[in-house]
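Coordinates in review
Here is what each chain is made of, one letter per residue.
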Amino acid sequence: MVDLAIRGGTIVVPSGAVRADIGIAGDKIVAIGTEIRGSREIDASGMVVLPGAIDAHVHMELPVRGDRSSDDFRTGTIAAAHGGVTTIVDFSVGSPDTHLPDEIEARWKTAAKAVIDYTLHGEVVGWQPGNNADFAHAAELGVRTFKFYTTYSRSGRMTDDGAMYTAFAAIARIGGRAMVHSENDAIINALTALLEKKGELGMTALPHSRPAICEEEAIARVGLIARRTGVTLRIAHISSAPGLEAARAARRAGTRLIAETCPHYLLLDEGVYAREDAHLYAAMPPLRTTADNAALWNGIADGTINIIVTDHCPFTRAQKHWTGSFLDLPYGLPGVETLLPLMYSNGVAPGRITIERLAELLSSGPARALGIYPRKGAIAIGSDADLVVLDPHKELTITAESLHMNCDFNPYTGRRVTGWPVVTISRGAVIVENGTFRGEPGRGKFIPQD
Ligand SMILES: [Zn+2]
């Protein structure tokens, strides 16, 4: 007799989808088999039971120009739980004036109200060559993935190639990983200056200010630096066919490369920038063409893409107030709650990917990339009991109002989705059941990375 038994579902274990029961005692999975009885039982017949999704790239209450992204760690993780996400990965807030370990400890305090587990990437801003101890101390705190920007020189977040080269070498020595927002800064600045001079700063110009070559060049460059320094490289949010091809080429040449993309680069395109509310769709990299969408789906099918994340970074309509220039906007889209349903509905339901592949992209892939597998990301004995029961037939039309993210618009408004999470279990606790949240702020734990 276990504490909680999930009975009769199709469960996705590492070896594939099988019909079985799952037994949970305390916060762990303790049994997988048949006729498992529990003091509490959930009937999952007709349902799909997946390892809880890991959204491995989100930004809750991110400080941006004196403002903050509109979800905090409480609202954002409640929304995540409703969408079947049981772990998020946010970022420490980098600054040239503070050190990574202090930034990580500060972010723990901000994240203390999380309702699901979380871990952090260390954001690297203003790092100076020689400060290798920053990475070693961060690793001791359980943070082993470090985020760099090859762009945003205007706001001071860019790391130049020299600092990146020395940092990658230091991170390689401690067995860590480098994660890079890869876009060529100089090309973006030159094209933006030209658009500024012509007074063409409307939303249709946004993709022209940072075309795909920016991503392609930067991925090729950081791919080479990673290869020569021996660091594992994670490319954040690949948005374009040329960027994807650069990632493939780097991997063929020997770079240990992990590739991310996001639902908005698979399901939305630059056509939205002609709309009246185009500014709400401001994201970086920008949305691309339908040909790029198709190339990224191919990248998922052929294994180039390892992870799907949302880059959840919501701002409300008021925060995204349109002034006539895309340079004045805060950038980012809401996504954490719709990650699993959108990928199930657009990936598994039409037969583009299997349910097993979905579990790799959303759970085991990110968990491995973070060094938290198999504690997270697997339905296996001994793993944390982070599970989502998905009703493959439940249909829903997306609106901002029907979701729980603290954002008054949604980029997928009006889309019909087939397949929706109905029960979310976090470390053995049922925290969402049929649309009702039953968790409490502060129950989420920081998960250290290997
Ligand atoms: Zn991001």
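Predicted model only: the values in this text are computed from it and were never measured. (Residues numbered from 1 in each chain as written. Predicted model: local features only at pLDDT ≥ 70, side-chain atom pairs only at ≥ 80, totals over all residues. Heavy atoms only, no water.)

**Side note on the side chain of S240**
Cut-off, in case you're wondering: Helix and strand labels come from DSSP, where a helix needs a run of H or I of at least four residues and a strand needs a run of E of at least two; each type is numbered from the N terminus. By the criterion applied in these results, polar contacts are pairs of N or O atoms within 3.5 Å in which, for protein atoms, one can donate a hydrogen and the other can accept it, and in which residues neighboring in sequence qualify only through two side-chain atoms.
Tracing the sequence through the fold places S240 in the loop between β13 (232–235) and α8 (241–252). Reaching out from S240, the side chain makes a polar contact with the side chain of E215 at a distance of 2.6 Å.

**Focus: the coordination of the zinc ion**
The line we're drawing: Listed donors are limited to N, O and S atoms within 2.8 Å of the metal, widened to 3.2 Å for Na, K and Ca; water is not among them, so incomplete-looking sites are possible. Note on classification: 1.4 Å probe, protein chains only; a residue is buried when its accessible area is under 20% of the maximum for its type, exposed when over 50%, partly exposed between these limits.
Of the protein atoms, only H57 (NE2), H59 (NE2) and D311 (OD) coordinate the zinc ion, at distances of 2.1 Å. For the zinc ion, all donor residues lie on one chain, and their spacing in sequence is H-x1-H-x251-D. Of this pair, H59 sits in the loop between β6 (53–55) and β7 (63–64) while D311 sits in the loop between β15 (307–308) and α11 (339–348), and the two are 252 residues apart along the sequence. Across this residue pair, the class does not change: H59 and D311 are buried.

**Some thoughts on the packing of aromatic side chains**
This is how the line gets drawn: Aromatic contacts are taken between Phe, Tyr and Trp rings whose centres are within 6.5 Å, Trp giving its six-membered ring; a plane angle under 30 degrees counts as stacked, one over 60 as edge-to-face, and the others as tilted.
Here the structure, examined in full by the defined rule, presents seven aromatic pairs. Ring centres 5.2 Å apart and planes at 40 degrees place the aromatic pair W127 and F135 in the tilted group. As far as the burial class goes, W127 and F135 line up, both buried. A centroid spacing of 5.4 Å and a plane angle of 75 degrees characterise the contact between F148 and F168, whose relative ring orientation is edge-to-face.

**Observations regarding the packing of helix α7 (residues 212–229) against α8**
In plain terms, the rule: For helices, the axis comes from a line fit to the C-alpha atoms of the stretch in contact; other axes are also lines fit to C-alpha atoms, and the angle between any two N-to-C directions lies between 0 and 180 degrees. Roughly parallel covers angles under 35 degrees, roughly antiparallel covers those over 145, roughly perpendicular covers 65 to 115, and oblique covers all other angles. Left-handed is the label given to a crossing in which the near helix is rotated counterclockwise from the far helix by less than a right angle, and right-handed is the label when the rotation is clockwise. Only heavy atoms enter the contact rule, under which two residues are in contact if any of them lie within 4.5 Å. Residue type decides the class: Asp, Glu, Lys and Arg count as charged, Ala, Val, Leu, Ile, Met, Phe, Trp, Tyr, Cys and Pro as nonpolar, and the leftover types, Gly among them, as polar.
Where α7 meets α8, the closest approach of the two axes is 8 Å, and the angle between their N-to-C directions is 15 degrees. When the axes of α7 and α8 are compared, the pair comes out roughly parallel. Crossing hand, α7 versus α8: right-handed. Of the residues in α8, those touching α7 at A212, E215, E216, I219, A220, G223 and R227 are P242, G243, A246, A247 and A250. Of the residues that constitute the contact of α7 with α8, the class distribution is seven nonpolar, two polar and three charged.

**Here's the deal with the sheet that holds strand β11 (residues 145–149)**
Quick note on the threshold: Only strands joined by at least two bridges in the DSSP assignment are considered to pair.
Within the open sheet, the eight strands sit side by side as β6-β9-β10-β11-β12-β13-β14-β15. Their pairing is parallel. The sheet is open, and its two borders are formed by β6 and β15, each paired with just one other strand. In terms of strand pairing, strand β12 (residues 177–181) meets β13 through four bridges, oriented parallel. Note that in β13 the partner of A178 across the bridge is L233. Helix α4 (residues 161–173) contacts β11, β12 and β13 of the sheet and is inclined by roughly 170 degrees relative to β11.

**Examining the domain arrangement of the chain**
Convention followed: Throughout, the edges of the domains are those of an automatic or database domain assignment. Simply put, the buried area is the total loss of 1.4 Å probe accessible area from both parts when two parts are fitted together. For this analysis, a salt bridge means a side-chain nitrogen from Lys or Arg found within 4 Å of a carboxyl oxygen belonging to Asp or Glu.
As far as domains go, the chain holds domain 1 (2–50 + 380–393 + 419–437) and domain 2 (52–370). Taken together, the contact pairs 23 residues of domain 1 with 18 residues of domain 2. A buried area of about 1,700 Å², summed over both sides, lies between domain 1 and domain 2, and 69% of it is on carbon and sulfur atoms. Our count for the domain 1 to domain 2 interface comes out at one salt bridge. The interface formed by domain 1 and domain 2 holds five residue pairs in polar contact (both at pLDDT 80 or more) in total. Elements that contribute at least two residues to the side of domain 1 that touches domain 2 include exactly β2 (16–25), β5 (48–51), β16 (387–397), β17 (416–426), β18 (429–433) and β19 (436–437). Counting residues per element, the side of domain 1 that touches domain 2 draws most heavily on β17, at six residues.

**Concerning the pairing of strand β9 (residues 85–91)**
Most of β9 sits out of view: seven of its seven residues are buried. Relative to strand β10 (residues 117–123), β9 runs parallel, the two being bridged by five bridges. Bridge pairing in β10 links F91 to H121.

**Section: the nonpolar core**
Keep this limit in mind: Joining through side-chain atoms within 4.5 Å is the link that ties buried Ala, Val, Leu, Ile, Met, Phe, Trp, Tyr and Cys residues into a set, and such a set is a nonpolar core.
Grouped together as the largest cluster of nonpolar side chains are 116 residues, with contacts concentrated most on I88, F135, F148, F168 and L358. The element that contributes the greatest number of residues to this core is helix α12 (residues 355–370), accounting for eight residues. Here this core spans two domains, and each of domain 1 (2–50 + 380–393 + 419–437) and domain 2 (52–370) adds at least three residues to it. In this structure, F168 is in contact with F148, A178, V180, V222, I225, A226, T229, V231 and L233, ignoring residues within four places of it in sequence. Membership of the second largest hydrophobic core comes to 20 residues, among which are I6, V13, I22 and A385.

**Focus on the layout of surface pockets**
One way to see where empty space is left: roll a probe the size of a water molecule over the atoms. For the record, the criterion: Cavities and pockets are defined on a 1 Å grid built over the protein atoms alone: a cavity is a set of grid points where a 1.4 Å probe fits but cannot escape, while a pocket is an open set with protein on both sides within 12 Å along at least five of seven lines, and lining residues are those with an atom within 4 Å of any such point. Grid points are joined across faces, edges and corners, and a volume is the space filled by probe spheres set on the points.
The calculated volume of the largest pocket comes to roughly 950 Å³. Lining the largest pocket we find 42 residues, and of these Y152, S155, R157, M284 and Y331 sit closest to its centre. Secondary structure elements with two or more residues in the lining of the largest pocket: β7, β11, α5 (185–198) and α9 (263–267). When residues in the lining of the largest pocket are grouped by element, the largest group, four residues, is from α5. Quantified by volume, the second largest pocket comes out at close to 180 Å³. Forming the walls of the second largest pocket are 16 residues, and the residues nearest its centre are V13, P14, A359, E360 and S364. Breaking the lining of the second largest pocket down by element, the ones donating at least two residues are β1 (2–13) and α12.

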